[in-house]
Amino acid sequence: MVAFVLMAAVLALVVLAVLLRPLWRGARPVALGVAVLVLASTALLYRLVGTPQALDPAALRAPETLAEAIAQLEAELRRNPGQAEGWRLLAQALQRENQPAKARDAFAKAVALAPEDADLLAEAAQSRALADANRLFDAEAVSLLQRALSLRPDHQRARWFLGIAQRQAGDHAAAAATWEPLLQQVDAATATSLRKEIDSARVAAGLQPLPAAEAVASSPGVSVKVSLDPEFAARVRLRGDATVFVIARAPEGPPMPVAVEKRSVSELPFTATLDDADSPMPTSKLSQLREVELVARLSESGVANRQQGDVESKPVRVTLPAKGPVELVIGD
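Being a predicted model, the structure only gives us computed values, none of them experimental. (Residues numbered from 1 in each chain as written. Predicted model: local features only at pLDDT ≥ 70, side-chain atom pairs only at ≥ 80, totals over all residues. Heavy atoms only, no water.)

The next thing to look at is helix 9 (residues 156-168). Over its 13 residues, helix 9 runs 18 Å from end to end, which matches the ideal 18 Å to within 8%, given 1.5 Å per residue. Taken together, the buried positions of helix 9 are occupied by Ala158, Arg159, Phe161, Leu162, Gly163, Ala165 and Gln166. In the segment just after helix 9, Gly170 is the residue with positive phi, at about 85 degrees. (Helix = DSSP H or I, 4+ residues; strand = E, 2+ residues; numbered from the N terminus. Expected span 1.5 Å × (residues − 1). Buried < 20%, exposed > 50% of the residue type's maximum accessible area, 1.4 Å probe, protein only.)

So, about the confidence of the model for the protein. Per-residue confidence for the protein gives a mean pLDDT of 81, with 78% of residues at or over 70. Confidence drops under pLDDT 50 across residues 1-8; counting only partners more than four residues distant or on other chains, this segment forms five contacts. (pLDDT = per-residue confidence, 0-100. Contact = heavy atoms within 4.5 Å.)

Among the structural elements, Val222 can be located in strand 1 (residues 222-228). Linking Val222 and Ala272, residues 50 residues apart in sequence, is a C-alpha distance of 8.3 Å.

Right, let's get into the sheet that holds strand 1. The strand order across the open sheet formed by three strands is 4-1-8, and the pairing between neighbours is mixed. The two strands at the open ends of the sheet, each matched to only one other strand, are strand 4 (270-274) and strand 8 (326-330). Averaged over neighbouring strand pairs, the angle between their axes works out to 30 degrees when direction is ignored. (Pairing = 2+ DSSP bridges. Axes fitted to C-alpha atoms, helices over the stretch in contact; angles between N-to-C directions.)

Ranked by internal contacts, the top residues of the largest apolar core, which has 33 residues, are Leu90, Phe137 and Leu145. By residue number, the principal contributor to this core is helix 7 (residues 118-131), which donates seven residues. The residues touching Leu90, leaving out its near neighbours within four places in the chain, are Ile70, Leu73, Glu74, Leu77 and Ala106. Core analysis: the next-biggest nonpolar cluster, separate from the first, contains 25 residues, Phe232, Ala272, Leu298 and Ile330 among them. (Core = buried A, V, L, I, M, F, W, Y, C linked by side-chain atoms within 4.5 Å.)

Here the focus is the packing of helix 8 (residues 139-151) against helix 9. Relative to each other, helix 8 and helix 9 sit at 145 degrees, their axes nearing to 9 Å. Between helix 8 and helix 9 the crossing geometry is left-handed. Residue-level contacts link Val142, Leu145, Gln146, Ala148 and Leu149 of helix 8 to Ala158, Arg159, Phe161, Leu162 and Ala165 of helix 9. Its residues assigned to classes, the contact of helix 8 with helix 9 shows eight nonpolar, one polar and one charged. (Left-handed = near helix turned anticlockwise from the far one by under 90°. Nonpolar A, V, L, I, M, F, W, Y, C, P; charged D, E, K, R; others polar.)

This part covers unusual backbone geometry. For the peptide bond that leads from Leu268 to Pro269, omega is -10 degrees, which places it in the cis range. Here Pro269 shows up in the loop between strand 3 (259-264) and strand 4. Cis peptide bonds are those with omega within 30 degrees of zero, and the linkage from Leu320 to Pro321 qualifies with -5 degrees. One can find Pro321 in the loop between strand 7 (316-319) and strand 8.

Another aspect to go through is the packing of aromatic side chains. Two descriptors summarise a pair of aromatic rings, namely the distance from one centre to the other and the angle between the planes of the rings. In this structure the tally under the stated criterion is two aromatic pairs. Measuring from ring centre to ring centre gives 5.6 Å for Phe137 and Phe161, while their planes differ by 35 degrees; the resulting arrangement is tilted. With Phe137 in the loop between helix 7 and helix 8 and Phe161 in helix 9, the pair connects residues that are 24 residues apart, well separated along the chain. Here Trp160 and Trp179 contribute two aromatic rings whose centre-to-centre distance is 4.8 Å and whose plane-to-plane angle is 25 degrees, an arrangement assigned as stacked. Pair noted here: Trp160 is in helix 9 and Trp179 is in helix 10 (residues 172-179), with a separation of 19 residues, a long-range link. Residue classification places Trp179 among the buried residues on the basis of a relative accessible area of 2%. Just above the ring of Trp87 sits the side chain of Lys109; from NZ or CZ to the centre is 5.4 Å. (Phe/Tyr/Trp six-rings, centres within 6.5 Å; stacked < 30°, edge-to-face > 60°. Lys NZ or Arg CZ within 6 Å of the ring centre and 35° of its normal.)

The next subject is the pairing of strand 3. Of the two faces of strand 3, the one lined by Ala259, Glu261 and Arg263 is fully buried and the one lined by Val260, Lys262 and Ser264 carries no buried residue. Note: strand 2 (residues 243-249) against strand 3, six bridges, orientation antiparallel. Bridge pairing in strand 3 places Ile247 opposite Val260.

Looking now at the pairing of strand 5 (residues 291-299). Buried residues dominate strand 5, accounting for eight of its nine residues. Sheet topology places strand 2 next to strand 5; seven bridges connect them, and they run antiparallel. By the bridge assignment for strand 5, Thr243 is matched with Ser299. Across four bridges, the pairing between strand 5 and strand 7 is antiparallel. Bridged to Glu293 within strand 7 is Arg317.

What the rule picks out here adds up to 14 salt bridges. For Glu267, the salt bridge is made with Arg263, and the minimal N-O distance between the two is 3.2 Å. Of the charged contacts, one joins Arg317 and Glu291 as a salt bridge, the two residues approaching to 3.7 Å between their closest N and O atoms. Note that Arg317 is positioned in strand 7 and Glu291 in strand 5, a separation of 26 residues in sequence. Judged by its relative accessible area of 42%, Arg317 falls in the partly exposed class. Here the salt bridges share partners, and the residues they tie into one network are Glu85, Arg88, Asp117 and Glu123. (Salt bridge = Lys/Arg side-chain N within 4 Å of Asp/Glu carboxyl O.)

So this is what it looks like as structure tokens:
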């Protein structure tokens, strides 16, 4: 049975690759949408008929348009409506097809089948606002968002939408209070714009703005001096648009950097300061580490992930806070 499922999945992907090739060149989002919906409807059909022998090859005909794929999925859900993920996929596809009312109704069916899925609850609430002529979150949408937050208090999307709903209802103090916990979850750039929204809500409620944000005193950053090895520079000819990435990562940890800066090769030699503002992930910051590994990478492609032909400096491990600039020599 497992072998059959794997073979069926591979066959479906091969067929889709052939059929969707013209769409991929000219309408990549539509091609992806068709692929997702075809695979979903195929899975639903298999679950419905129960055995490989019962599969009807005609029913597995790949649709030629996203609208046809939606129609196929709708037909499968009429025959087997107890599929929460199927209703969710249908709702998302209907939103892409600019059918907000139908998307709202499909999300409602999905929620009825999976009432403990916080992500789904937030999507369903948003769909109700998108289906409203004035883009308002109604009482049912607010209830969905509150349920999502009761399940996952750290759900950022549900918290943001609930604050919007409270602002729409004129409860500005409640909106500000709803949004304030997000300041501890988002990155520095997002927090700056979020504070403006919170302060606007507080002022509308007759409250004082939040106290000024404190500077990140615990994260002074690490200074890195980057240069090219003279012998390496003499024997290679660098393109003027080449890129230098200065990277800090957790020693013996995942390759994802905790801080990175992008510079032009024309700036060499230069000194960069890596800090929390350079963290690509809000949940993984430089200030959270006691030790970091620093490396400078010369990239002809300009792509942050290491590519064939990139040249790196020798990595240097330092304990934070570092005293004085850390020297990295590319090509040494």
